[in-house]
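Analysis of the macromolecular model
So you can see what is in the structure, the chains are spelled out below.
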Amino acid sequence: MGSISTAGEAVARIAYLSSDVIVSVQPSLASDSEFSEYFRALQKAKAPSLVAKNHPEIVAVRHNVDPLLSVFQPIRAGKLTAVTTTSSILVKSIPHLYKLAQYPVVLHVSVQPTGFPDFSDITSIRQSGFTFLQSETLQQSQDIALTAHALAIKSGKGVIHFFDSGAIAMSKNIPHEDRELVRGVLDLNAAAAIQKSRSEETSLYADDGRSATLSVARSQATAVPGTVTGRVNPPDGGQAMTVVDRTRARAESSSSSSRRESSTASGASSSSATTVESLASKPVSSEDIYRFASQIWANIKEATGRSYDAFEYTGPVNAETAIFLFGADTAIFADEIDTADDSETYANAGIITARIYRPWLGASLAPLLPQSIKRIAVLEQVRRKTTRWGPVLLDLLMSLKSSGANSPMIVGYQLGYINDKTVQQALRGAFQNLTSESPLQNLQVGNLDGPTPLSKVALEQPGLENAYMKILNQVFGERLHIANQLGAKHAGISNEISSSPEYGFGSLLARKEHRKRFIEEARAASKSNDFITRSPLEWLSKWAVDADNSDKANALAPEVISRLSNDGSPAASQLLSFKSLFFKESPWLIGSDAWAYDLGNSGVHHVLASGENVNMLIVDSQPYSERAAADAARRKKDIGLYAMNFGNAYVASVAVYSSYTQVLEAMIEADKFDGPSVILAYLPYEKENDSPLTVLQETKKAVDLGYWPLYRWDPRGDEKGEPNFQLDSERIKKELEEFLRRDNYMSQVMKRHPDFSPALSASYGTEVRQLQKRKAKDAYSKLLEGLAGDPMTVLFASDNGNAETLSKRLANRGKARGLKTICMAMDDYPLEDLPTEQNVILLTSTAGQGEFPQNGRTFWEAVRDSTDLDLATVNFAVFALGDSHYWPRKEDKIYYNKPGKDIHNRLLALGGNPLTECGLGDDQDPDAYQTGYAEWEPQLWQALGVDKVEGLPDEPPPITNEDIKINSNFLRGTIEEGLNDPTTGAISAPDQQLTKFHGTYMQDDRDLRDERKAQGLEPAYSFMIRCRLPGGVATPKQWLQMDEISTKLGNETMKLTTRQTFQFHGVVKGKLKPAMQAINKALMTTIAACGDVNRNVMCSSLPQHSQYHTEVHAVSKTISDHLLPSTTAYHEIWLQDDETKEKKKVAGDAIVDHEPLYGPTYLPRKFKITIAIPPHNDTDVYAHDVGLIAIKGADGHLEGFNVLAGGGMGVTHNNKKTYPRTGSMLGYVPTNAVHIVCEKIMLVQRDNGDRKDRKHARLKYTIDDMGVDVFRGKVEELWGEKFAEAKDFKFDSNVDTFGWLKDENGLNHFTFFIENGRIEDTAEFPMKTGLIEVAKLQKGEFRLTGNQHLILSNIADKDLPQVKELLKKYKLDATNFSALRLSSSACVAFPTCGLAMAESERYLPELITKLESTIEEAGLRQDSIVMRMTGCPNGCARPWLAEVAFVGKAFGAYNMYLGGGYHGNRLNKLYRSSIKEEEILDILKPMIKHYAKDRHEGERFGDFVIRAKYIVATTHGTNFHENTGEEESEEE
Ligand code: SF4
């Protein structure tokens, strides 16, 4: 059995076993309390609780956010709730304590400060109605913690268990609690009754009138004479423990220091067993508490021999004096008294302590004490005395006086710090007084100041909150003055005080006064004759005029200072001694949302009331959660509303992880505003060490759902002719909306946001979702009324559409057989109807690690957790779709069709009648899931008795992409109508296919899916737009235009893609057209950037051979233009002016487009062309349908190209018919023919590609199916000429070269490292802003590389200094990253890509960080290893050519590939499948070390892993699936 060494552990373990919810109060969310680490350990070990269903919920809260507020919600919901905390929160929580005392909540309180705790925190709240229990030793902390829980359950009242963990730390270790004892002591039936009870939601402000009651037999409800008295029997049959016994008891319990153990046996309390004839309620009385405690202690004693009682006395039976200790370390006193020389006055004194401090069971004390006791010294360790007499002294006086005439004399002392060195002196002093003729009251004993507290939590700015500090620094630089800056030195003032905003505010006012005087001095000086030179006079007077205008004053300040410095007069020196005052600062106070609980008394209120020009930044870190949003009882107030109502303040609500630009705007506006400004800054986190990705996701949810709206409010806006209120996000909270409506500002919002629907904010809440479900179902049912036949309800859960399509078809077939069918997603179905169904058919596919697809998860969880669904009259059948090889490892086989199997079993368990066995569709079968389905469906019809129906109608064939294309009228479809439909952010499914040809995809924000679904909202639809930019070259002007589009119309970021173009994300439907027009205005287009056409043509970036590059780049442009589709639909839909369109458009279908190259059905699949210029293969020439390798002639000019065909990356996991492939060499063609050859290759593919199976439609399969030679022949036939023999070339890398380079013409080129191509501003790195500044110089050009980086090209020497300075200023010149990072690349994946199975762009940088220490240790910092990651096997970042690659398999799980060629020349191969971060690191770290140790000179990692036999080389796409590192397990 394990052992326990601290009270924190002992208590935490008991609380864990005995609670449903534990509120763990912590100094911060990143630092542990003395309890919290044990909760974590227990949770990690999945230790079960005795009362919670599985294990208790641990709610971590910071000590300064009104932590007891978090108790109301669970306790009112019938959850057994415990709190672990220090005593520091108690006094502040008094209003809550009075109410919580009437609930069975347990507070375990470690009294602070450690080393010399102040028990006035306990005495101050003694009247709150709680039961108070004290423990003094480690064993007691375990037993009394258990007592506390058992007592709370029994009595229904709150219990506070307090202890000094510093003193307890001296105890010897104890064993873990005995689980069976805990089970025996807790009344689990009573616990279950509490869990079933729920109290009404009431306000937190008013007393809810609740009081804990007991159900008792009616005969007991009125009077219980002579039964329970709360009397404590003298120990062990009336014999007090002798000194000898006491010493023995202590010796048994401690090794080093004597510990004093409980010395009184529990008095046998009267049994409460009664025959109950009828029940009545009565309030819980002190007697009840004592009776319950006695029962609990009797149980503990029986099991362990350890006894406890309300009061405990140790000492001689004939003692004449005693000390009553409260809060002190009893052991120190006991040791001293026991070993004292007989000559000491205290030698035979007894010691009394209270185990139950409240209720004060005073009547029981007198009988416990030996009759011989005449005098008692009451020593109270209470540092803050609020009353003249110590609280315990008063208690004691009352109880002993009332016990009779012979009561002992009581003398009170205030006890200071005592240790084993001072105890003797203290006792002597105390007893000298006690035994004197007329003892004095209230003497002080010991050192009242105590030692310096040992463990004091150092104040620290939470790391994450630095985000806002950094932006303040960026915006205001030297002007920034944070008045309550942590760590700033203030003479004689503690950091705790100086960092408080209230202190800061005071210091700001003083500073302001100081500057005012300084301005006057300067003004006076400017008119004086005190200077030696004349120039200070003029500059000073100029400055004095503009001293309050920050721009002007700050511009003049350096000039004034320099003139004064040159002057040298005493007057000049005098002014210079405060030279910082020449600058006008931007004054800031930093605060936290802790103020929101008591705004009227907060720093915010002071600042607002003062009207001073002070800026406040208030960081709110409470994460959005449904619970927080829905918990109306929370007392937290809206600081923004408070400030707006005040009327004189600038107010902004911002979130750095939602809109960086808006944060900047708000800060600048706040600074400019002459008066108080309040910026509420959102930064949600659970723990201070949460990853930025988590913070980002939390922020997005909160902003999207209106929990944290983004806005700016300038009360003087209308004076400037501007709106007072600027809404910067889409949705707002109800309260805010009401405020605006009341003050008529809502109309402003509506004017500026015509699409803003206030109704959206009303849809906040889950009932809406319920209503929607009900409405849909009722509408269906109505439709079916009057139809004959049995009902059949088909429910599906589907991720990729297969289960949905199958379900709809099944429902149609059912209908044809005469059944009344309904078909809907599981999550759209109202669960309460399930028991009333006759036949329910469920179809589900398998997501992630055997999970339900998104639209069935809620349904499944409800069915799984329901205890009262009775399906005895329901027939059901389940068909599951999955892939038996998706999880090749044996242990993962359970995931195969798990959702289907699970729901089948669950419905069985709920009493449902199966119509068939659970049907299993397997992607590995010859016809994939259809094979299993073909067997299952007839069984279903048979079971339903409709298998023999005649004359079934023919079914229409499913609509394919080819149908969509052909029916689209050259890519028009109904796109235009869809764009004009304001009721949804989406467009129709066929249009989603068609818009790809126009360069845009519909997506939805996957970070928000679940949350929006829960709120009854459609997904957050937006569009990705991809530009067409041959060779990836843009002018500075175009860069600025692109940047503006991303900021104004997109999500404030741009992606530089692996195919050298700009991609925008987050463009909502209403902004799609303006964005397209803006792109065209920038002389770019998006047509054919996606879709089944030739896409953007790539070209090597090659900065050092500028002239040659220009020649090759021209070819990329020629090919791109040559292969452009000619439909006019693009122009018609996106570019025509809405107003004049009617005039241009010829009626109806009169315009018939003609696509000479493509024809009406375009290509079978996408088609990609790239050009590489040796020796750089930075465009991965082998990975594309057509790869052109530029060949330089002897004259240094472009001569022609070697042509590769049939490269391609896309793969489907576990589908061996799909594979990546490198291009095959067709031969050499001269420059002037190359675009024609590209065209002919495309045409052979157009006519021969597989149009039936999109997974087999790329050119690579066409070539492998017909053979390279036949394919080449067909191209030559169309072309009318022959390929020449391929020319020699050599590649040496496929990565970029970072930093500055000079070309043959003397021009300079700088390659920036843009991690994964994402252009964005963060607090750490304002890259986007920096690049805007660079572009504004209008020098050179911007080239996007195939590795998602950026080159600033063609900078003349004369412009270099200016450019370099800018790069330095914005840290854009940083390229000193590990070579591993520099050679890495990831696709977009989450949150926008609909195909992503795992994170990629947001995760790869983190993974690399975790590998970098190994790379450093191995000495490989400068050695490039090409590492790539994608979120799915579609392969956008060309992972199959990397030396090491990770391809998403499920959330958090990746397939790992090894052995790609360093030049992008060889495919890699599967090494391990479905591994998570831990395994990735376990595999890679030793492999990297091995490589560092054993590699040959110049040997690349991809080659090494093959030589070292980690993996077998892939020589062609067709053997990609052979000899993989991990064989699939064939066993089921
Ligand atoms: S590789 Fe997959 S996850 Fe990544 S962007 Fe492409 S389609 Fe999306």
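Residues numbered from 1 in each chain as written. Predicted model: local features only at pLDDT ≥ 70, side-chain atom pairs only at ≥ 80, totals over all residues. Heavy atoms only, no water.

Naming follows an unreviewed UniProt entry, where the protein appears as Sulfite reductase [NADPH] subunit beta of Melanomma pulvis-pyrius CBS 109.77. Comment text from UniProt for the protein, heading Pathway (unreviewed entry), reads "Sulfur metabolism; hydrogen sulfide biosynthesis; hydrogen sulfide from sulfite (NADPH route): step 1/1." For the protein, the Sequence similarities (unreviewed entry) comment in UniProt is given as "Belongs to the nitrite and sulfite reductase 4Fe-4S domain family." (UniProt positions renumbered as here; feature names shortened; annotations may be inferred.)

Some details on the overall build of the protein
Helix and strand counts for the protein stand at 54 helices and 50 strands. Taking all 1532 residues of the protein together, 57% fall into the buried category. Within the protein, residue pairs in contact and separated by at least 24 positions form 76% of the contacts whose partners lie at least 6 positions apart. With an accessible surface of roughly 62400 Å², the protein has 51% of that area assigned to carbon and sulfur atoms. (Helix = DSSP H or I, 4+ residues; strand = E, 2+ residues; numbered from the N terminus. Buried < 20%, exposed > 50% of the residue type's maximum accessible area, 1.4 Å probe, protein only. Contact = heavy atoms within 4.5 Å. Areas by Shrake-Rupley, 256 points an atom, 1.4 Å probe, with all protein chains shown as cover.)

Considering unusual backbone geometry
Across residues other than glycine, the phi torsion is negative in most instances, and most of the peptide bonds are trans. Here the amide bond leading from Arg358 into Pro359 is cis, since omega sits at -5°, within 30 degrees of zero. With respect to the helices, strands and loops of the structure, Pro359 is situated in the loop between β14 (356-358) and α15 (365-368). Non-glycine residue Asn969 carries a positive phi angle of around 55°. Judged by relative accessible area, which is 26%, Asn969 ranks as partly exposed. At Ser1474, a position not held by glycine, the phi torsion is positive, near 50°. Residue position: Ser1474 is located in strand β50 (residues 1469-1475). Owing to a relative accessible area of 4%, Ser1474 belongs among the buried residues under this scheme.

Observations regarding the pattern of salt bridges
Applying the stated criterion across every chain, the model contains 66 salt bridges. We note a salt bridge from Glu520 to Arg523, for which the minimum N-O separation is 2.9 Å. One end of the pair is Glu520 and the other is Arg523, both in helix α20 (residues 501-526) and three residues apart, which spans about a single turn. Residue Glu1416 pairs with Arg1421 through a salt bridge whose shortest N-O separation is 2.9 Å. Judged by relative accessible area, Glu1416 falls into the partly exposed class, the value being 42%. Its relative accessible area of 23% is what places Arg1421 among the partly exposed residues. (Salt bridge = Lys/Arg side-chain N within 4 Å of Asp/Glu carboxyl O.)

Remarks on the environment of Lys637
Structurally, Lys637 is set in the loop between α25 (626-630) and α26 (639-646). In this structure, the C-alpha to C-alpha distance between Lys637 and Ala596, residues 41 residues apart in sequence, is 5.0 Å.

Brief notes about the nonpolar core
Within the largest apolar cluster, 102 residues are counted, with the highest numbers of intra-cluster contacts made by Leu107, Ile122, Phe324 and Ile376. Among the elements that make up this core, the one with the highest residue count is helix α6 (residues 138-155) (nine residues). Beyond its immediate chain neighbours, meaning those up to four positions away, Leu107 contacts Leu68, Val83, Leu90, Leu97, Phe130, Val159, Ile160 and His161. (Core = buried A, V, L, I, M, F, W, Y, C linked by side-chain atoms within 4.5 Å.)

Points about the pairing of strand β47 (residues 1427-1430)
Residues Met1427 and Met1429 line one face of β47 and the alternating positions Arg1428 and Thr1430 line the opposite face, and both faces are buried. By the bridge criterion, three bridges tie strand β46 (residues 1384-1386) to β47 in an arrangement that is parallel. Paired with Ser1384 across the strands is Met1427, a residue of β47. A crossover links β46 with its parallel partner β47, the connecting element being helix α52 (residues 1404-1417), and its sense is left-handed. (Pairing = 2+ DSSP bridges. Right-handed = clockwise from strand over helix to strand, strands pointing away.)

Some thoughts on the packing of helix α18 (residues 466-476) against helix α27 (residues 660-672)
Axis separation between α18 and α27 bottoms out at 10 Å; the angle between their running directions is 60°. Between α18 and α27, the angle is such that the two are oblique. As α18 packs across α27, the resulting crossing turns out to be right-handed. From α18, Tyr468, Ile471, Leu472, Gln474, Val475 and Phe476 reach across to α27, where they touch Tyr660, Val663, Leu664, Met667, Ile668 and Asp671. Its residues placed into classes, the contact of α18 with α27 shows 10 nonpolar, one polar and one charged. (Axes fitted to C-alpha atoms, helices over the stretch in contact; angles between N-to-C directions. Parallel < 35°, antiparallel > 145°, perpendicular 65-115°, else oblique. Left-handed = near helix turned anticlockwise from the far one by under 90°. Nonpolar A, V, L, I, M, F, W, Y, C, P; charged D, E, K, R; others polar.)

Some details on empty space enclosed by the protein
Counting across every chain of the model gives seven cavities of 30 Å³ or more. Counted as a void, the second largest cavity has a volume near 100 Å³. Contributing to the lining of the second largest cavity are 13 residues, with Pro1103, His1176, Asp1178, Asp1296 and Thr1297 lying nearest its centre. (1 Å grid on protein atoms, 1.4 Å probe; cavity = no way out; pocket = protein on both sides within 12 Å on 5 of 7 lines; lining within 4 Å. Points joined across faces, edges and corners; volume = space filled by probe spheres on them.)

A look at the sheet that holds strand β6 (residues 131-135)
Read across the sheet, seven strands follow the order β3-β2-β4-β5-β7-β6-β14 without closing on themselves; strand pairing throughout is mixed. The open sheet has two free edges, formed respectively by β3 (57-62) and β14, since each of these has just one partner strand. Each neighbouring strand pair of the sheet contributes to a mean axis angle of 20°, computed without reference to strand direction. Bridge analysis of β6 against β14 gives two bridges, and the strand direction is antiparallel. Within β14, the residue paired with Leu133 across the bridge is Ile356. Against the sheet, helix α2 (residues 36-44) engages β2 (21-26), β3 and β4 (81-86), with an angle of about 140° to β2.

Here's the deal with the environment of Pro1433
Assignment of secondary structure puts Pro1433 in the loop between β47 and β48 (1444-1450). Judged by relative accessible area, which is 5%, Pro1433 ranks as buried. Placed 213 residues apart in sequence, Pro1433 and Pro1220 show a C-alpha to C-alpha distance of 9.6 Å. Among residues more than four places away in sequence, those in contact with Pro1433 are Met1209, Gly1210, Val1211, Thr1212, His1213, Met1397, Trp1440, Val1447 and Gly1448.

Regarding the packing of aromatic side chains
Applying the stated criterion across every chain, the model contains 50 aromatic pairs. Pairing Phe162 with Tyr357 gives two aromatic rings, centres 6.4 Å apart and planes at 75°, and the pair type is edge-to-face. Of the two residues, Phe162 sits in strand β7 (residues 159-163) while Tyr357 sits in strand β14, which places them 195 residues apart along the sequence. The class for Phe162 is buried, based on a relative accessible area of 0%. Taking 5.4 Å as the distance between ring centres and 85° as the angle between the ring planes, the aromatic pair formed by Phe1390 and Phe1451 counts as edge-to-face. Taken together, the residues span a long stretch of sequence, with Phe1390 in the loop between β46 and α52 and Phe1451 in the loop between β48 and β49 (1453-1458) at a distance of 61 residues. Note on Phe1390: relative accessible area 10%, which makes it buried. Given a relative accessible area of 53%, Phe1451 falls into the exposed group. Taking the ring centre of Tyr1471 as reference, the NZ or CZ of Arg1472 above it sits at 4.2 Å. (Phe/Tyr/Trp six-rings, centres within 6.5 Å; stacked < 30°, edge-to-face > 60°. Lys NZ or Arg CZ within 6 Å of the ring centre and 35° of its normal.)

Some thoughts on the sheet that holds strand β35 (residues 1062-1067)
Reading across from one edge, β31-β32-β35-β34-β43 is the order of the five strands in this open sheet, with antiparallel pairing throughout. Edge positions in the sheet fall to β31 (1000-1004) and β43 (1318-1319), since each has one partner strand and no second. Looking at chain direction, β31 and strand β32 (residues 1021-1026) are connected through five bridges and run antiparallel. When the bridges of β32 are listed, Asp1004 appears paired with Tyr1021.

Things to note about α27
With 13 residues, α27 ought to run about 18 Å at 1.5 Å a step, and its terminal C-alpha atoms sit 19 Å apart, in line with that. All of the buried residues in α27 are Tyr660, Gln662, Val663, Ala666, Met667, Ala670 and Asp671. One side of α27 holds all its buried residues, which, seen down the axis, span an arc of 165°. (Expected span 1.5 Å × (residues − 1). Arc of directions from axis to C-beta.)

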